[in-house]
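# A structural walkthrough
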Protein chains: 2
Amino acid sequence: VPDLVAGARAGEARAVARLISLVEEASPLFREAMALLAPDAGHAFVIGLTGPPGVGKSTITTSLVTAFRARGSRVAVLAVDPSSPFSGGALLGDRVRMQEHATDPGVYIRSMATRGHLGGLAWATAQALRVLDAAHFDVALVETVGVGQSEIEVASTADSVVVLLAPGMGDGIQAAKAGILEIGDVYAVNKADRDGADATVRELRNVLRMGAGAPAAGQPSRWVPPVVKTVASQEGGIIALVEALDGHRAWLTQTGALTARRRGRAAAQIRAVAMAAIGRRLDRLGDATRALADQVAEGSLDPYTAAQELVELV
Amino acid sequence: VPDLVAGARAGEARAVARLISLVEEASPLFREAMALLAPDAGHAFVIGLTGPPGVGKSTITTSLVTAFRARGSRVAVLAVDPSSPFSGGALLGDRVRMQEHATDPGVYIRSMATRGHLGGLAWATAQALRVLDAAHFDVALVETVGVGQSEIEVASTADSVVVLLAPGMGDGIQAAKAGILEIGDVYAVNKADRDGADATVRELRNVLRMGAGAPAAGQPSRWVPPVVKTVASQEGGIIALVEALDGHRAWLTQTGALTARRRGRAAAQIRAVAMAAIGRRLDRLGDATRALADQVAEGSLDPYTAAQELVELV
């Protein structure tokens, strides 16, 4: 493990890959790695990309890699698949567009399966980001592959969250229900050459403006998320998106929100590991749990009382 | 609370509604109700309905209500919205088709918001089902409103899970990734008058057959989920769907899988409440957690060691 950590610090892709595999497999070895990786925490600026399936996340990710590389930043891409038990390159093999970066040593691309990961999706992602911090990537793009609430969970590991929508998808009620109007720091309406793009942008801006008011408790000022339009084949939108991200990063730094966010994330992670450790202790009480469950299923005990008995056993 | 429970047992819709609101609000009063409701556990046969947005879940739910009512069963519908903080009738107000059942005393329809519910979505649903058990509903249909992984969570509260798909949506990779091919006991391809319905049915059957093999450990036999075609305006498909559900219920009962499933669910519920109780204890250690988080964010401590310190404090 110390060799792998040293390798990652030296920027060796193989060492980075091996350490992320340890996270993925929830290997006990990773615990040792974590202690060694601690001092590198926070090097990479983490950008989360989320949005409904089919909105063009991987295309935008690729364009962002190109844009950040043009500035000389070292860029890592983590494609997190919360539903797949399979890891490795299968998914990325399909990503023909990503291939243009495959031979660039300043770019590291990795898909990660987190299904069934004990500490949960956000936890696994956060640990993989630690490895990328150690390997001194300047920017880490975290993109979810798949659907649902888990995207929101991954977004919670990022410094800036980009929510991608497509024309027509902005449709107020659906978007609000998916919770994505609460998590974005920057919104991009992709495929903006399609009909309805302007309407979607307008609607989004209205909804986001409604949310703008007094800063939240403990926040020095409030960030009103900008909405940009992007088209895969046109560079202009990506420039606007990168500028919006720069603006958010500057705001985060100037207001101290970056430190606050990262501390909050660290607290959530510590809590998650603590809960997972306690969960493992509960799992060792399988026989007691089954006996209580039989009583609950029969109706001779209620689940609250049963749970209390279980807590007392831990 | 004892009056409400007595009211629910007498089938009073208002008492049922009030008790489910206590679940929704995570009211401490509900704990008392749980003890009183324990003996009624397991009365209703619980059917979960899940599938991507736009597939026609509420239409199928309404048709199933009609079919079960025709047999004289008392039917409850729980529309669970995992993303909404709002409860009550707003959502169901839109459901014009449901209105035909609105005045039938043998039907109870209720939407439930579970966002931010401490014990989680599955837990809140399970508790609401306890109330419906006590009110002696024969069938409880649990339908999710919204998107994502949470549907799978709700499905985990059901005796039989119906997965709805539409032509074209069966597209192997997407469906497999969403995990829905593992949770269905019965599959229905809705809107089956559209192009591609037969191809979707064929593909689904192939994928489901591939999964058919030796029974899982501890299972007496393996259930191969049937695939039926439904069209909202035609009764035939609904009859086939109800027959498929009857077949699954008979299999569950004959093999003892129903009891095993319900005991497994009870165990999961007890564990969830125990974890929530421990989580609340952790939350009371906010200052300690923040101090540890600052060290992790600075890089002077790793999250595992921090978590261990936190566990020792509980």
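Just so it is clear, the structure is predicted and the values come from calculations on it, not from any experiment.

### Some thoughts on the relation of the copies chain A and chain B
When chain A is fitted onto chain B, the two copies agree to an RMSD of 0.1 Å after a turn of 180° and an axial shift of 0.0 Å. What the superposition gives is, in effect, a two-fold axis relating one chain to the other. Of the residues that chain A buries at the interface, 100% are likewise interface residues in chain B, meaning the two copies contact each other through the same surface.

### Focus: the sheet that holds strand 2 (residues 75–81) of chain B
All names here are of chain B. Reading across the sheet, the seven strands line up as 3-2-4-1-5-6-7 and stay open at both edges, with parallel pairing between neighbours. The sheet is open, and its two borders are formed by strand 3 (107–113) and strand 7 (227–229), each paired with just one other strand. Across the sheet, the mean angle separating the axes of adjacent strands is 20° when strand polarity is ignored. With five bridges joining them, strand 1 (residues 45–50) and strand 4 (residues 139–144) adopt parallel strand pairing.

### Regarding the side chain of B:Asp302
Relative to the helices and strands, B:Asp302 resides in the loop between helix 12 (286–298) and helix 13 (303–313). Summary of buried charges: B:Asp302 has no salt-bridge partner, and the nearest side chain of opposite charge, A:Arg31, is 5.5 Å away. At 3.0 Å, the side chain of B:Asp302 forms a polar contact with the backbone nitrogen of B:Tyr304. Side-chain polar atoms of B:Asp302 contact the side chain of B:Thr305, separated by 2.6 Å. Not counting chain neighbours up to four residues away, the residues in contact with B:Asp302 comprise A:Met34, A:Ala35, A:Ala38 and B:Val296.

### Comments concerning the packing of helix 2 (residues 13–24) of chain B against helix 3 (residues 29–37) of chain B
Residues and elements named next belong to chain B. Viewed as axis vectors pointing N to C, helix 2 and helix 3 meet at an angle of 125°, and their least axial separation amounts to 9 Å. Here helix 2 is positioned oblique relative to helix 3, judged by the angle of their axes. Like other packed secondary-structure pairs, helix 2 and helix 3 cross with a definite hand, here left-handed. Contact residues: helix 2 offers Leu 19, Leu 22 and Val 23, while helix 3 offers Leu 29, Phe 30 and Ala 33.

### Description of the interface of chain A and chain B
The interface of chain A with chain B comprises 59 residues on the first partner and 59 residues on the second. Taken together, both faces of the contact between chain A and chain B bury some 4800 Å²; the carbon and sulfur share is 67%. Between chain A and chain B we count eight residue pairs in polar contact (both at pLDDT 80 or more) in total. Where the side of chain A that touches chain B is concerned, the elements lending two or more residues are helix 3 (29–37), helix 6 (121–134), helix 8 (172–177), helix 11 (257–283), helix 12 (286–298) and helix 13 (303–313) of chain A. Its residues placed into classes, the side of chain A that touches chain B shows 32 nonpolar, 13 polar and 14 charged.

### Observations concerning the sheet that holds strand 6 (residues 186–189) of chain A
Residues and elements named next belong to chain A. An order of 3-2-4-1-5-6-7 is seen for the seven strands of this open sheet, with the pairing classed as parallel. The strands lining the two open edges of the sheet, one partner per strand, are strand 3 (107–113) and strand 7 (227–229). Shown here is a sheet whose adjacent strand axes are inclined to one another by a mean of 20°, direction ignored. Pairing of strand 1 (residues 45–50) with strand 5 (residues 160–165), which is carried by four bridges, proceeds in the parallel orientation. Across the sheet, the residue bridging to Thr 50 is Val 163, located in strand 5. The strands that helix 2 (residues 13–24) touches are strand 2 (75–81) and strand 3; relative to strand 3, the one it contacts most, it runs at about 20°. Here helix 10 (residues 235–255) sits on the sheet and contacts strand 1, strand 5, strand 6 and strand 7; the angle it forms with strand 5, its principal contact strand, is near 150°.

Reading guide: rules and limits
- Residues numbered from 1 in each chain as written.
- Chains lettered and ligands numbered in written order.
- Predicted model: local features only at pLDDT ≥ 70, side-chain atom pairs only at ≥ 80, totals over all residues.
- Heavy atoms only, no water.
- Least-squares fit on C-alpha atoms with pLDDT ≥ 70 in both.
- Contact = heavy atoms within 4.5 Å.
- Pairing = 2+ DSSP bridges.
- Helix = DSSP H or I, 4+ residues; strand = E, 2+ residues; numbered from the N terminus.
- Axes fitted to C-alpha atoms, helices over the stretch in contact; angles between N-to-C directions.
- Buried < 20%, exposed > 50% of the residue type's maximum accessible area, 1.4 Å probe, protein only.
- Lys, Arg positive; Asp, Glu negative; His and termini not counted.
- Salt bridge = Lys/Arg side-chain N within 4 Å of Asp/Glu carboxyl O.
- Polar contact = N/O pair within 3.5 Å; in protein donor to acceptor, adjacent residues only side chain to side chain.
- Parallel < 35°, antiparallel > 145°, perpendicular 65-115°, else oblique.
- Left-handed = near helix turned anticlockwise from the far one by under 90°.
- Buried area = accessible area lost by both parts, 1.4 Å probe.
- Nonpolar A, V, L, I, M, F, W, Y, C, P; charged D, E, K, R; others polar.

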